[in-house]
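As a plain string of letters, each chain reads:
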Amino acid sequence: MTQRDDDGSGREAATGVLPPRHWEADVLLRDGRAAHIRPIRADDADLLVEFYARVSDRSKYYRFFSPMPQLSERDIKRFTQVDHDQRVALVLLLQGKMIAVGRYDVVGDAEAEVAFLVEDAQQGRGIGQLLLEHLAQAARERGIERFTAEVLPDNNKMIHTFRDAGYRVASGYEDGVLTLEFSIDPTDTSIGVMRGREHRAEAASIERFFNPRSVAVIGASRRQDTIGQVLVRNLVNADFTGRVYAVNPSAAAVSGLPAFRTINDIPDEVDVAIVAVPAESVNDVVLDCAAKGVHGMIVISSGFAETGEEGRQRQRHLVGLSRSYGLRLIGPNCLGVINTDPRVQVNASLSQVMPPRGRAGFFCQSGALGSAILEKVQNRGLGLTTFVSAGNRADVSGNDLLQYWEEDDATEVVLLYLESIGNPRKFSRIARRVSLRKPIIAVRSGRTTQGVPMGHAVRRISAPPEALDAMFRQAGIIQVDTLEEMFDVAQLLAHQPLPKGRRVAIVGNSDALGLLAADAAAAVGLVVSRATTLHAEPSAEDFEDALDEAIDDDEVDAVISVYIPPLNISGEDVANVLAAVGEQSDKPLVTSFLGAEGLPELLRVPDVAGSAAGRGSVPSYPAVESAVRALAKVVGYALWLRTPDSPVPDVAEADVATARRIVNEVLSIHPTGTDLTRGQTQELLAAYGIELWDAVAVGSLKQAQAAGKALKWDVVLKATAEGMRERPDLAHVWRNIDSAAEMKSAWDSLSALVRDPAAAQFVVQKCAPPGVPIAVRSMEDPLFGPVVSFGLGGPIIDLINDRAYRIPPLGGRDVADLVREVKSSPLLFGYRGAEPVDVAAVESLIGRIAQLQNDLPQVSQLELPLVLAGVDGVSVLTATARVAPVSDSRSDLYARRLNPHPGDTVPH
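Below is a short write-up of the structure. Just so it is clear, the structure is predicted and the values come from calculations on it, not from any experiment.

## Some words on the overall build of the protein chain
Secondary structure assignment for the protein chain yields 25 helices and 36 strands. Taking 908 residues into account, the globule formula puts the C-alpha radius of gyration at 29 Å, and the protein chain, at 32 Å, falls close to it. Seen along its three principal axes, the alpha-carbon backbone of the protein chain occupies a region of about 100 × 95 × 55 Å. Counting all 908 residues of the protein chain, 57% fall into the buried class. Looking at the protein chain alone, contacts between residues at least 24 apart form 72% of all its contacts between residues at least 6 apart.

## Here's the deal with a negative patch on the surface
There is a patch of like negative charges on the surface, built from Glu541, Glu544, Asp545, Asp548, Asp552, Asp554, Glu572, Asp573 and Asp586. Listed by contribution, the elements that provide at least two residues to the negative patch are α16 (540-552) and α17 (572-584). With 5 residues, the top contributor of residues to the negative patch is α16. Tracing the backbone shows aspartate 548 in helix α16.

## Here's the deal with the packing of aromatic side chains
Throughout the structure, instances matching the rule amount to 15 aromatic pairs. Aromatic pair phenylalanine 116 and phenylalanine 162: ring centres 5.8 Å apart, planes at 35°, arrangement tilted. Of the two residues, phenylalanine 116 is situated in strand β5 (residues 111-118) and phenylalanine 162 in helix α5 (residues 156-163); the sequence distance between them amounts to 46 residues. Accessibility classification places phenylalanine 116 together with phenylalanine 162 in one group, the buried group. Over the face of the ring belonging to phenylalanine 79 we find arginine 78, whose NZ or CZ atom lies 4.3 Å from the ring centre. The ring of phenylalanine 472 carries arginine 444 above its face, with NZ or CZ at 5.3 Å from the centroid.

## Focus on the environment of lysine 718
On the secondary structure map, lysine 718 appears in strand β29 (residues 715-719). Accessibility expressed as a relative area gives 9% for lysine 718, which makes it buried. Sequence-wise, lysine 718 and valine 764 are 46 residues apart; in three dimensions their C-alpha atoms are separated by 6.7 Å. With near-sequence residues (within four places) excluded, lysine 718 lies in contact with His732, Val733, Gln761, Phe762, Val763, Gln765, Leu866, Leu877 and Thr878. Polar contacts involving the side chain of lysine 718 include one to the side chain of glutamine 765, which spans 2.8 Å.

## With respect to the nonpolar core
Ile274, Ile298, Leu402, Leu416, Phe427 and Phe472 are the most contacted members of the largest nonpolar core, which totals 57 residues. Per-element accounting of this core gives the leading share, 5 residues, to helix α13 (residues 465-474). Residues Ile338, Val489, Ala520 and Trp640 belong to the second largest nonpolar core, which totals 49 residues.

## Quick look at the side chain of arginine 803
One can find arginine 803 in the loop between α23 (795-800) and β34 (804-806). Its relative accessible area of 15% is what places arginine 803 among the buried residues. In this structure arginine 803 touches Ala775, Arg777, Ser789, Phe790, Gly791, Leu792, Asp798 and Val822, once residues within four positions along its chain are discounted.

## Looking at the packing of helix α6 (residues 188-210) against helix α12 (residues 424-435)
Two elements in contact, α6 and α12, have axes separated by 13 Å at closest approach and are oriented at 90°. Considering the angle they form, α6 stands roughly perpendicular to α12. Taken together, the residues of α12 that come into contact with α6 (itself represented by Arg195, Glu198, His199 and Glu202) are Lys426, Arg429 and Arg433. Considered class by class, the residues forming the contact of α6 with α12 number no nonpolar, 1 polar and 6 charged.

## Regarding the pattern of salt bridges
For side chains bearing opposite charge, pairing can occur when the charged atoms are close. Applying the stated rule across the entire model yields 47 salt bridges. Between arginine 38 and aspartate 44 there is a salt bridge, with its nearest N and O atoms 2.8 Å apart. The two residues arginine 38 and aspartate 44 agree in class, both being buried. Across the salt bridge formed by glutamate 406 and arginine 433, the nearest N and O atoms sit 2.8 Å from each other. With a gap of 27 residues between them, glutamate 406 in helix α11 (residues 398-407) and arginine 433 in helix α12 connect regions that are remote in the sequence. According to the relative accessible area criterion, glutamate 406 is buried, its value standing at 5%. Shared partners join several salt bridges into a network, and the residues in it are Asp26, Arg323, Arg328, Asp395 and Asp400.

## Quick word on the sheet that holds β34
Read from one edge of the open sheet, 6 strands run β27-β36-β35-β32-β33-β34, paired in antiparallel fashion. Each edge of the open sheet carries a strand with a single partner, namely β27 (674-675) and β34. For strand β33 (residues 785-792) and β34, the ladder comprises 3 bridges, and the chain directions are antiparallel. In the sheet register, phenylalanine 790 faces β34, and the bridge partner there is alanine 804.

## Some details on the pairing of strand β3 (residues 87-94)
Among the 8 residues in β3, 8 count as buried, and that is most of the element. Covered by surrounding structure in β3 are Arg87, Ala89, Val91 and Leu93 together with Val88, Leu90, Leu92 and Leu94, the residues of both alternating faces. Across 4 bridges, strand β2 (residues 34-39) lies against β3 in antiparallel orientation. Looking across to β3, one finds that arginine 38 is bridged to valine 91.

## Topic: the sheet that holds strand β9 (residues 214-218)
Here 7 strands make up an open sheet; going across it, the order is β11-β12-β10-β9-β13-β14-β15 and the pairing mixed. One side of each edge strand has no neighbouring strand; the edge strands of this open sheet are β11 (253-254) and β15 (328-330). With 5 bridges connecting them, β9 and strand β10 (residues 243-247) associate as parallel partners. Along β10, the bridge assignment pairs isoleucine 218 with valine 247. Packing against the sheet, α6 makes contact with β13 (272-275), β14 (296-299) and β15, and its axis sits at approximately 55° to β15.

## Quick notes on unusual backbone geometry
Look at the link from glycine 331 to proline 332: it is a cis peptide, with omega at -5°. Along the chain, the position of proline 332 falls in the loop between β15 and β16 (336-339). That bond from proline 808 to proline 809 is cis: its omega, 5°, falls within 30 degrees of zero. Among the secondary structure elements, proline 809 is positioned in the loop between β34 and α24 (812-821).

## Describing the environment of alanine 517
Among the structural elements, alanine 517 can be located in helix α15 (residues 511-523). Sequence spacing of alanine 517 and phenylalanine 116 is 401 residues, and the spatial spacing of their C-alpha atoms is 66 Å. Setting aside its immediate chain neighbours within four residues, alanine 517 contacts Ile506, Val624 and Val628.

## Structural notes on the side chain of aspartate 557
Relative to the assigned elements, aspartate 557 resides in the loop between α16 and β25 (558-563). For aspartate 557, the side chain forms a polar contact with the main-chain nitrogen of arginine 502, separated by 3.4 Å. Excluding anything up to four places from it in sequence, aspartate 557 contacts Pro499, Lys500, Gly501, Arg502, Arg503, Lys587 and Pro588.

## With respect to the pairing of β14
A two-sided burial pattern is seen for β14, the buried positions comprising Gly296 and Ile298 on one face and Met297 and Val299 on the other. As judged from the 4 bridges shared by β13 and β14, these two strands associate in the parallel manner. Residue alanine 273 lies in a different strand from β14, and its bridge partner there is methionine 297. In this fold, β13 hands off to helix α8 (residues 282-292), which returns the chain to β14; that crossover is right-handed. Judged from the 3 bridges that link them, β14 and β15 form a sheet pairing that is parallel. The partner of methionine 297 across the bridge, within β15, is leucine 329. In this region the chain leaves β14, passes through helix α9 (residues 309-324) and returns to the parallel neighbour β15; the handedness of that crossover is right-handed.

Rules and cut-offs
Numbers given for residues are sequential positions, taken from 1 along each chain in its written order. For this predicted model, a pLDDT threshold of at least 70 governs which residues receive local features, and a threshold of 80 or more governs which side-chain atom pairs are given and counted, while totals over whole chains, interfaces and linings are taken from all residues. Hydrogens and water are ignored here; the side-chain numbers use all heavy atoms of the structure. In this description a helix means any DSSP run of H or I spanning at least four residues, a strand means any run of E spanning at least two, and both kinds are numbered starting from the N terminus. Radius of gyration: C-alpha atoms only; globule rule: 2.2 Å multiplied by the number of residues to the exponent 0.38. Classification of residues uses two cut-offs on accessible area relative to the type maximum, computed with a 1.4 Å probe and protein chains only: under 20% is buried, over 50% is exposed, and between them is partly exposed. Contacts are assigned to residue pairs with any non-hydrogen atoms lying within 4.5 Å of each other. Surface patches are defined over residues having more than 30% relative accessible area and no salt bridge, joining like charges when they lie within 9 Å and nonpolar side chains (Val, Leu, Ile, Met, Phe, Trp, Tyr) when within 5 Å. The method behind every accessible area is Shrake-Rupley, applied with a 1.4 Å probe, and residues are considered shielded solely by the protein chains displayed. Put simply, a salt bridge is a Lys or Arg side-chain nitrogen that is within 4 Å of an Asp or Glu carboxyl oxygen. Charged residues are defined here as Lys and Arg on the positive side and Asp and Glu on the negative side; His and the ends of the chain fall outside this count. Here the site of a charge means NZ on Lys, CZ on Arg, CG on Asp, or CD on Glu. Aromatic rings from Phe, Tyr and Trp, with only the six-membered ring used for Trp, were paired whenever their centres fell within 6.5 Å, and each pair was classed as stacked if the ring planes differed by under 30 degrees, edge-to-face if by over 60, and tilted otherwise. Whether a charge sits over a ring comes down to the Lys NZ or Arg CZ being within 6 Å of the ring centre and within 35 degrees of the ring normal. Distance and chemistry together define a polar contact, namely a pair of N or O atoms within 3.5 Å, with one atom able to donate a hydrogen and the other to accept it when in protein, and with adjacent residues in sequence counting only for side-chain atoms on both sides. Grouping buried Ala, Val, Leu, Ile, Met, Phe, Trp, Tyr and Cys residues that are joined through side-chain atoms within 4.5 Å yields what is termed a nonpolar core. A fitted line through C-alpha atoms represents every axis, and for helices the fit uses only the stretch in contact; the resulting angles, taken between N-to-C directions, go from 0 to 180 degrees. Just so you know how the angles are binned, under 35 degrees is roughly parallel, over 145 roughly antiparallel, 65 to 115 roughly perpendicular, and the rest oblique. Three categories are distinguished: nonpolar for Ala, Val, Leu, Ile, Met, Phe, Trp, Tyr, Cys and Pro, charged for Asp, Glu, Lys and Arg, and polar for the others, with Gly belonging to the last. Paired strands, in this sense, are two strands between which DSSP finds at least two bridges. For the handedness criterion, the strands are oriented away from the viewer, and a crossover whose path from the first strand over the helix to the second runs clockwise is classed as right-handed.

What follows is the structure, encoded as structure tokens:
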């Protein structure tokens, strides 16, 4: 692949401004190994020469179309000194070595030529695809719209790199060279390709942790009750099917295993290293593991970010060092990893509890809480497929586990205990996709206070807590308040089918408990369509007949069974009936059987796959209210799953180019950000098909009369200054003005009302058709990216905080739910005899605002505080907007990257 040798002027381009910080990132290769990508630097000359010496002559020929065994001093200077604007180059580093370089040079109007060179030993790991993603993202930020590349026809790997990226590639052939040209504007296809690669790489990076062929315990100890001793013992007692190695520099053997002084003394390969050494020694272990070729480390050691600033710096250094050497890291300060698969049986954790095989995967962060969770799982007989306690979550996070569990056939339910979310936008995107295949149940600590543990480094959330709750609902996540409720829901999802609706039947032998069940059902939105109360001492046959009738009823979607045995009766016969019916039914069956919790032996169905309880096992709850609440959560998920999403109706194609031009022009004059004028706001909204009504600013009665006449009267005069425009008594507005005399009366009255008429910011505007006032707002959050909110207008609504939130991009289902979620929404649907408003127009307006905010992260805030929703559409009367330079909060949308850890002190 050839490229121009200079900047087009006949002289070499000089190094210009520093590149944006977010052009530097840790990334995952196709095999799940980590690497580091960054802009090339002038001091990379030695790295470049060493890299070029490892590249084969064939690869050099493909790159330069001629033999070029060595780089001249001029070549080295040209390749390492770029301006990060017209000439951009990115390098990929692994273990301190340059293994690839990609670059583009501007060759025309909004067009650049792109080229790559990848070390032969590293080819086949998806490096060219990564470089293309990051170069394209950098180019878009510099105003580049198209890439061209010249490739030799037999360079199939490079041709496939471009064609497989998802862009629409045009090609031409001349003088033995294939020319490829394509727009780098992201398409649905290119984004889908990128996310598919991200999914496979992140899942691959986790797979080795769960399925290691060999594990080394670094810090293994002979002393009883030490962490190193417990780790070795747990691996051995779990009957791990792979090899266990103990690493201890001062012992010959640990727990009957030969001990090695360092991991490099182990004669065989090591997949995973469990690290239990003092915090200050962990970095040395990283270097040893990298030299050994270890895939990943589980760092049990504490003494990192949870201890304060010094520990945070130590943790940042650890993550940067690990990733720079290709290692992924679980922890530090974690409990460890468990896989109950009989083919693996690995307990690489501090927990002595090896849970039974089940259908759920569990992710948590706290090590101490992890032990309690495993105890609860065992006591309930629930069972797990896999378990991860990520501790400080410095590298591997819940997002990585979701990527793995999505493809793991054994995991049918995902359980998450979240103390913080490092990248909520990515979490939402992945969770929404996973939820379509398997349910996710989550407990989120700090839900009200938004507090996070000391060891977790996350950016501040400016959006309200309700926005995070909305994100969970959008993604189909079943959010619960406690661990007990999580297990209540999990045991139902793991063993019973999903209900088709909200209608339930109650079958039992107690009127009192039946009424409790009915009250509980009504409280959580379930509809009792059938209730059967048997006599106090029913036979097993009576129970079976009643259950069968309920399940066969077309008006029933789920069955709640309540059984209190008479004195001196074990209830075993009834239990056998429940288990048999539960196994055969296509409707979910839950019970409060003898006050038992979990999956009692009597209610279990044998599982041929080896799980603790098979499909059809009937979950039991100590209180009928718990059973009903769990069923209601499952009903909500089932309805979400069955409600098809669709594009927002009547959202026309936006003029994004015009909108971007408006924003960029303002930011070029005000680089730190500013409020848009009303005219700029009007033009911005018009680019998305939103009409902001004209409002004429007036400073005198004469101007007000002239404005009214120009608008052909039937106007309003109102004060719009801060502190006046939201008055609950609406005394700042004078309506239905139709003459000069009426305008004088309005002007005199409003001027008398305010202390300083000159500061009232009076405007004259046409009277709008009658309607219900609504407010639509959006913002750019440093963690979420775009956030949209909706509510009815007015101070009372603000006082009771009746507002709903969603995270763009939005589908039709999201917008419809958003409108109906606010408590005051009946006012839009004909409340007390009023005419229903044009709800479709309301939804279209919200969809347009969501699209604008999603397209333009520079719009830091957009408010439409006064919109009238009428029977024939909406009237947008007031709008304000603010723009600000964008952060890197969305930098992973079009180019894969691992979650950043600011303050990394490791030189890459």
